[in-house]
Amino acid sequence: MDLTAVRTFVAVADSGQFQEAAAVLAVTQQAVSKRIATLEKELGVRLFTRTARGAGLTIDGQAFLPHARELLLAEERATASVGSGRRPLRVDVVGARLAPAALLRGFHEAHPETALDVVTLFDVDSALTALRSGAIDASFRAVGMPGRPLPRGVEAARVYDEPVQLLTGPGHALAGRRAVSPGELAGHRIWMPGIVEGTEWAAYYASLAAEFGLTIDSSGPNFSGAVQDAVAGSSTLATLVSEGTRLVWPEGHDLRRVPLLDPTPVYPHSLVWTATHPHPALAALRAHLAGTRPPRPATRTWVPGWAESVRGVFRP
C-alpha cells in the first residue's frame with residue numbers, strides 16, 4: 001500500500017477539505033484527488049463523500065482511518081530506528097487549523113534550515129505512545145488530567161494559554177454582546193460534537209462545564225461545517241472555539257466570535273517531549289517557544305486545576 005496515499009487520506013480526514021490537505025502537504029489539490037482515487041481503487045471502496053463544502057468520511061473511511069494512522073505510525077517508528085540526527089524533527093499537533101500548528105509555523109519561519117515533519121495524532125495517549133517509541137520528538141497537548149500522570153521520562157511545559165470564545169449566529173441572544181462571562185452561558189445549549197470521551201479536550205470541557213454550570217452537548221457526528229451551519233441559523237444554539245482556531249464560513253452566516261471574560265477560560269497547550277535520545281533540533285524548538293510565547297490575556301483567566309501542575313518554564 002502506498003503510504004503517501006495513506007498520509008494524504010489522513011490529511012483530508014483531519015482537515016475535511018481537499019484544498020486544506022493540499023496546503024498542509026504542500027502539493028496541488030489535483031495531486032490530492034489523484035492519490036485518494038488511487039487508494040479508493042486499491043481498497044475497492046469510497047473513502048469520502050464529496051460536497052461543495054468539503055469532504056466527509058464514508059462508513060468505510062471511518063473504519064479505515066484508525067488503521068491508516070497505525071500504518072503511518074509504523075512508518076515513523078521504522079524511520080526513527082536509524083537515528084534522530086539523520087531525519088527531520090517530528091512534531092505532533094492536534095490539527096492543522098489549531099493554534100499549535102501556528103506556533104510550529106513560527107518556528108519553521110524562524111529556523112528554515114531545520115528540517116521539520118508535522119504529524120497529527122488523535123489524542124494525548126497516541127502522542128505519548130509515539131513519543132516513548134521514538135516515532136515523534138515532541139507533541140503539543142494539554143496534559144495533567146486526573147488519573148493520567150505523565151509517564152516516567154516524559155517532560156512538559158506550558159507554551160500557550162489560548163483564550164476560549166463563544167461562537168454564535170446573528171440571531172442568538174448573546175450575539176450582540178462585546179463580551180460575556182462563562183457563568184452567563186449557563187442555560188444556553190452549547191453544541192460541540194467534536195468532543196470524544198477519554199481525550200484531553202474532553203477532560204478540559206468537562207472541567208469547564210462543571211466549574212460554570214454549562215450544558216455542553218457532544219452528540220451527533222462532526223461533519224465539516226455542520227456546527228457553523230447549525231449555529232448560523234439558530235437563535236438558541238452556540239458553540240465554543242479557541243481564539244486561534246481558523247474557521248471559514250459562507251458570508252451569509254454572519255457568525256460572531258464573542259470573548260469570554262471574568263474569567264477568561266484558556267486552553268493550556270503544553271509542549272511534551274522525552275529526555276531519552278532527544279533530536280538535535282529539539283532544544284532550538286524549546287528555546288524558540290520560550291522566547292516567543294504569546295502573552296497571557298490581560299483579564300483574569302481560568303484553567304482546570306489539573307493543568308496548573310504543568311509549569312511554563314523552559315530550561316533548554
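Fair warning: this is a prediction, and the values are worked out from it, not measured in the lab. (Residues numbered from 1 in each chain as written. Predicted model: local features only at pLDDT ≥ 70, side-chain atom pairs only at ≥ 80, totals over all residues. Heavy atoms only, no water.)

A. Quick look at the confidence of the model for the protein. On average, residues of the protein carry a pLDDT of 90, and 96% of them reach 70 or more. Mean pLDDT across the elements of the protein ranges from a minimum in strand β1 (residues 48-51), with 83, to a maximum in helix α7 (residues 200-212), with 97. (pLDDT = per-residue confidence, 0-100. Helix = DSSP H or I, 4+ residues; strand = E, 2+ residues; numbered from the N terminus.)

B. Spotlight on the packing of aromatic side chains. Under the defined criterion, the tally for this structure stands at 8 aromatic pairs. A centroid spacing of 5.1 Å and a plane angle of 50° characterise the contact between Phe-9 and Phe-64, whose relative ring orientation is tilted. Taken together, the residues Phe-9 in helix α1 (residues 3-15) and Phe-64 in helix α4 (residues 59-80) connect sequence positions 55 residues apart. Among the residues examined, Phe-64 registers a relative accessible area of 13% and is labelled buried. Between Phe-18 and Phe-48, the ring centres sit 5.9 Å apart and the planes meet at 75°, which makes this aromatic pair edge-to-face. (Phe/Tyr/Trp six-rings, centres within 6.5 Å; stacked < 30°, edge-to-face > 60°. Buried < 20%, exposed > 50% of the residue type's maximum accessible area, 1.4 Å probe, protein only.)

C. Structural context of the pairing of strand β4 (residues 116-119). Note: strand β3 (residues 89-92) against β4, 4 bridges, orientation parallel. Across the sheet, residue Arg-90 finds its bridge partner in β4, namely Asp-117. Since β3 and β4 lie parallel, the crossover through helix α5 (residues 99-110) that links them has a hand, and here it is right-handed. (Pairing = 2+ DSSP bridges. Right-handed = clockwise from strand over helix to strand, strands pointing away.)

D. Spotlight on α7. With 13 residues, α7 ought to run about 18 Å at 1.5 Å a step, and its terminal C-alpha atoms sit 19 Å apart, in line with that. Along α7, the residues that are buried comprise Glu-200, Trp-201, Ala-202, Tyr-204, Tyr-205, Leu-208, Ala-209 and Phe-212. Just downstream of α7, Gly-213 is the residue with a positive phi angle, here 65°. (Expected span 1.5 Å × (residues − 1).)

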